[in-house]
Amino acid sequence: MKRIDAIFLAGQAAQAQDALLVSNIGFPSRELCSVMDRPHNFYMLGSMGLASSIGLGLALAGPERKVIVLDGDGSVLMNLGTLATIAHHAPENYLLVILDNCCYGSTGSQPTCTHLGTDLFALAKAAGIKNVKKVDQADDLPQVLQGQGVVIVKVEAGNAAVPIISLSPEEIIERFMRCARPAARS
Amino acid sequence: MNPSLAVYQGMKRAGINFAASVPCVNLQELLASINEDGQIVHVPVTREEEGVGLCAGAWMGGLRPALLMQNSGLGNSINALASLDMLYGIPLLMIISHRGGQGEPVIGQVPMGQLTAPLLDAMAIPHFSPRLADAEETVAGAWSRAYASRRPVAVLLDLDFWRAK
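Residues numbered from 1 in each chain as written. Chains lettered and ligands numbered in written order. Predicted model: local features only at pLDDT ≥ 70, side-chain atom pairs only at ≥ 80, totals over all residues.

1. Observations regarding the packing of helix H1 (residues 3-14) of chain B against helix H2 (residues 28-36) of chain B
All names here are of chain B.
At step 1: The contact between H1 and H2 brings their axes to 8 Å, and the two run at 40 degrees. Considering their axes alone, H1 and H2 lie oblique with respect to each other. Where H1 crosses over H2, the two elements pack in a sense that is right-handed. Across the interface between the two elements, Ser4, Val7 and Tyr8 of H1 pack against Glu29, Leu30 and Ser33 of H2.
At step 2: In terms of residue class, the contact of H1 with H2 is made up of 3 nonpolar, 2 polar and 1 charged. (Axes fitted to C-alpha atoms, helices over the stretch in contact; angles between N-to-C directions. Helix = DSSP H or I, 4+ residues; strand = E, 2+ residues; numbered from the N terminus. Parallel < 35°, antiparallel > 145°, perpendicular 65-115°, else oblique. Left-handed = near helix turned anticlockwise from the far one by under 90°. Contact = placed C-beta atoms within 7 Å. Nonpolar A, V, L, I, M, F, W, Y, C, P; charged D, E, K, R; others polar.)

Structure, rendered in structure tokens:
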């Protein structure tokens, strides 16, 4: 499946569950913004590697609200310790979706170690995360997005032709926090 | 007054209710207090940069975050402090055990010890190095400043601070 199709399904699942959605730096955020922009989306513009950590902080701060994180293989490899932290601290309302295209898609598709066989599913399991799933087909994704834990989604390399996000960092966080803070919760 | 208790009371006065940490030997009592405090969500992390991410998420979710670490961890956090906290305007209280100064027994601590204040200055991150008598006030004030200015603020606690009685 194409990454943008997986991202669209994640956006739909987040909307259906009134979930917060943290999206990784680069093309994934641009693709999400173009197919399913919501104020509940936090678009990362920097700090590569920290999507899963930002989402975990959100999930711990608001245990009654589902948090979905869209991360990538390259970014998770940059912050592998996050898997151990998630194993020991992630609450029930947390789902980390790792879109694995085996390359650094936003910088010219240089291969990551998953291209050479590094197994993020096995790493997540070995870190102690109980609920780890693997999805190859788009049809199987919606159901998995209802759950929690970690899911590794195999996607094709390549980016969709989508524009740069026109929102400023201030606009992104201001509208996101109106959704994320306790007073804003329904 | 004990140094760890003074910092803890400053954090409580500031209303800190979320903490991410990487340990330093000088932070052990403080970390134990935070761990036992049912009003503070405490997440030990594997690397300080990860803690910057967690604290940013906790802030956006409505909590008041602090990151506890050794100054070596500042070096591991620079990009996240700049391209997450400073970019979006996210406040953070950093409680930093400042090693590598006067009386440091571990030579490996010296280079980052000397670079800590210059790195913070280069990033325009305010930093304070209180003595025991004003530590509680300084910690509480550092959070107020972080909150008001929507950026990270650091409290540097050097070897003399931890030795004070």
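Read on, since the account is not over.
2. A short note on the interface of chain A and chain B
At step 1: Opposite the 27 residues of chain A that make contact, chain B presents 25 residues.
At step 2: Residue assignment for the side of chain A that touches chain B shows that the elements contributing at least two residues are helix H3 (51-61), helix H5 (81-89) and helix H8 (169-180) of chain A.
At step 3: Broken down by element, the residue count for the side of chain A that touches chain B peaks at 8 residues, all from H3 of chain A.
At step 4: A per-class count over the side of chain A that touches chain B returns 14 nonpolar, 11 polar and 2 charged.

3. Structural notes on the pairing of strand S3 (residues 67-72) of chain A
All names here are of chain A.
At step 1: The buried count for S3 comes to 6 of 6 residues, which makes it a mostly enclosed element.
At step 2: Here S3 shows no split at all, with Val67, Val69 and Asp71 on one side and Ile68, Leu70 and Gly72 on the other all buried.
At step 3: As paired strands, strand S1 (residues 20-23) and S3 are joined by 4 bridges and run parallel to one another. What sits directly across from Ser23, in S3, is Leu70.
At step 4: Two elements, S3 and strand S4 (residues 94-100), share 6 bridges in a ladder whose sense is parallel. (Buried ≥ 20, exposed ≤ 12 C-beta atoms within 10 Å, placed from the backbone. Pairing = 2+ DSSP bridges.)

4. Some words on the sheet that holds strand S5 (residues 127-128) of chain B
The strands that make up a sheet are held in pairs by hydrogen bonds between backbone atoms, and each pair lies either parallel or antiparallel.
Residues and elements named next belong to chain B.
At step 1: Strand order across the open sheet formed by 6 strands is S2-S1-S3-S4-S6-S5, with parallel pairing between neighbours. The sheet is open, and its two edges are formed by strand S2 (41-44) and S5, each paired on a single side.
At step 2: In the sheet, strand S1 (residues 18-21) pairs with strand S3 (residues 65-70) via 4 bridges, with the strands oriented parallel. Bridging across to S3, Phe18 finds its partner in Pro65.

5. A short note on the environment of Arg13 of chain B
Residue and element names in this part refer to chain B.
At step 1: Mapping Arg13 onto the fold places it in helix H1.
At step 2: Along the sequence, Arg13 and Met60 sit 47 residues apart, while their C-alpha atoms lie 21 Å from each other.
At step 3: Ignoring any residue separated from it by four or fewer positions in sequence, one finds Arg13 in contact with Glu136 and Ala140.

6. A short note on unusual backbone geometry
The phi angle of most residues is negative, glycine excepted, and most peptide bonds adopt the trans form.
At step 1: One non-glycine residue, Ser47 of chain A, lies in the positive phi region at around 45 degrees.
At step 2: Looking at where Ser47 of chain A falls in the secondary structure, it is placed in the loop between strand S2 (41-43) and H3.
At step 3: Of note, Arg150 of chain B is a non-glycine position whose phi angle comes to about 50 degrees, a positive value.

7. Concerning the sheet that holds S2 of chain A
Residues and elements named next belong to chain A.
At step 1: Pairing within the open sheet is parallel, and its 6 strands lie in the order S2-S1-S3-S4-S8-S7. Lying at the two open borders of the sheet, with one neighbouring strand each, are S2 and strand S7 (132-135). Neighbour-to-neighbour, the strand axes of this sheet turn through a mean angle of 20 degrees, independent of strand direction.
At step 2: Where S1 and S2 come together, 3 bridges link them in parallel fashion. When the bridges of S2 are listed, Leu21 appears paired with Asn41.
At step 3: Against the sheet, H3 engages S1, S2, S3 and S4, with an angle of about 170 degrees to S3.

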